[in-house]
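So the chains spell out like this:
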Amino acid sequence: DTDARFEYTRLSPWVYTHMFPINTYSQYGSVLGYHTGPNSDEMTVEVRKRFSRRLGMSVSWFRYRHGANPPGVNVGGDMGRGWKKGDSKEARFLDGIVEKVQTTGVDVTYEPLWQLFIRAGYRYEDHDGRANHVVRFSFGLNE
């Protein structure tokens with residue numbers, strides 16, 4: 001009763017952009033496509049194990065990288081700034097200021113009564129070298 005998942009998503013520079021900002025693939029400043037935006041990638045690895053009908057656990061690792069535009073230069077890292085004359089047509093993937101986020105976590109789920117779930121979890125997050133520890137505890141109906 002073990003599940004494993006691996007996902008990798010890569011978005012090239014200038015994905016979702018347009019030379020006219022009104023034509024970008026966005027709604028109120030949010031990307032309509034994949035949430036990471038242009039010039040970024042994301043990798044997720046997760047393993048879930050059910051020890052019994054009531055008890056389960058998951059271990060996960062996540063990495064996100066984004067090539068943001070440096071001041072005054074367009075490398076395709078901003079959805080609101082499409083390619084214009086003078087910008088390089090050959091922008092390299094993750095060019096610009098690279099933002100990195102890594103997360104490692106463990107979650108345990110227990111079902112003491114039918115459709116009543118108790119969940120506890122711990123996450124270690126690293127945002128460009130700044131560490132953050134997150135502890136969660138929740139309970140609810142119909143996970």
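To keep things clear, this report deals only with the structure shown in the data block. (Residues numbered from 1 in each chain as written. Predicted model: local features only at pLDDT ≥ 70, side-chain atom pairs only at ≥ 80, totals over all residues. Heavy atoms only, no water.)

## A closer look at the overall build of the protein chain
So the rule is basically this: Under the DSSP-based scheme used, a helix requires at least four consecutive residues in state H or I and a strand at least two consecutive residues in state E, with every element numbered from the N terminus. In this treatment the radius of gyration is a C-alpha quantity, and the globule benchmark scales as 2.2 Å times the residue count to the 0.38 power. Throughout, exposure labels follow a simple rule: accessible area from a 1.4 Å probe, protein chains only, divided by the maximum for the residue type, with under 20% read as buried, over 50% as exposed, and the rest as partly exposed. Two residues form a contact once any of their heavy atoms are found within 4.5 Å. With residues, only the protein chains shown are counted as cover, and all accessible areas are computed by Shrake-Rupley using a 1.4 Å probe. Just so you know, the count uses Lys and Arg for positive and Asp and Glu for negative, and it drops His and the chain ends. Lysine's charge is taken at NZ, arginine's at CZ, aspartate's at CG and glutamate's at CD.
Broken down by element type, the protein chain carries zero helices and eight strands. When its helices and strands are written in sequence order, the protein chain yields β-β-β-β-β-β-β-β. Taking 15 Å as the expected radius of gyration for a compact globule of 143 residues, we find that the protein chain reaches 20 Å, considerably beyond that expectation. Expressed as lengths along the three principal axes of its C-alpha atoms, the size of the protein chain is roughly 60 × 30 × 25 Å. Per-residue burial for the protein chain yields a buried fraction of 30% across its 143 residues. A separation threshold of at least 6 residues defines the contact pool for the protein chain, and within that pool the share at least 24 residues apart is 59%. Total accessible area on the protein chain stands at roughly 9,500 Å², and carbon and sulfur atoms take up 57% of it. Where the 19 positive side-chain charges of the protein chain centre and where its 17 negative ones centre are 1 Å apart.

## Side note on the pairing of strand β6 (residues 97-113)
This is how the line gets drawn: One requirement defines pairing of two strands: DSSP has to find at least two bridges between them.
Both strand β5 (residues 55-68) and β6 contribute to a ladder of 14 bridges, which runs antiparallel. Pairing of Ser 60 across the sheet is with Gly 105, part of β6. Of the strand pairs in this sheet, β6 and strand β7 (residues 116-127) are connected by 11 bridges, and their pairing is antiparallel. Opposite Thr 104, over in β7, you have Tyr 124 as the bridge partner.

## Observations concerning the pattern of salt bridges
To keep it simple, the criterion reads: Criterion for a salt bridge: a side-chain nitrogen of Lys or Arg within 4 Å of a carboxyl oxygen of Asp or Glu.
Counted according to the given criterion, the structure contains nine salt bridges. In this structure, Arg 5 and Glu 46 form a salt bridge, with 2.9 Å as the shortest nitrogen-oxygen distance. Of this pair, Arg 5 sits in strand β1 (residues 2-11) while Glu 46 sits in strand β4 (residues 40-50), placing them 41 residues apart in sequence. Judged by relative accessible area, which is 35%, Arg 5 ranks as partly exposed. Exposure remark for Glu 46: the relative accessible area of 16% places this residue in the buried category. The partner of Asp 95 in a salt bridge is Arg 92, with the nearest N and O atoms 3.5 Å apart. Judged by relative accessible area, Asp 95 falls into the partly exposed class, the value being 22%. Owing to a relative accessible area of 58%, Arg 92 belongs among the exposed residues under this scheme. Salt bridges sharing common partners tie together Arg 5, Glu 7 and Glu 46.

## Describing the side chain of Thr 109
You can see Thr 109 is positioned in strand β6. For Thr 109, a relative accessible area of 13% puts it in the buried group.

## Remarks on unusual backbone geometry
Positive phi outside glycine occurs at Trp 14, with the angle close to 70 degrees. When its relative accessible area of 15% is taken as the criterion, Trp 14 is described as buried. In the Ramachandran plot, Tyr 16 falls in the positive-phi region, its phi being about 75 degrees despite a non-glycine side chain. For Tyr 16, the position within the fold is in the loop between β1 and β2 (26-27). Judged by relative accessible area, Tyr 16 falls into the buried class, the value being 18%.

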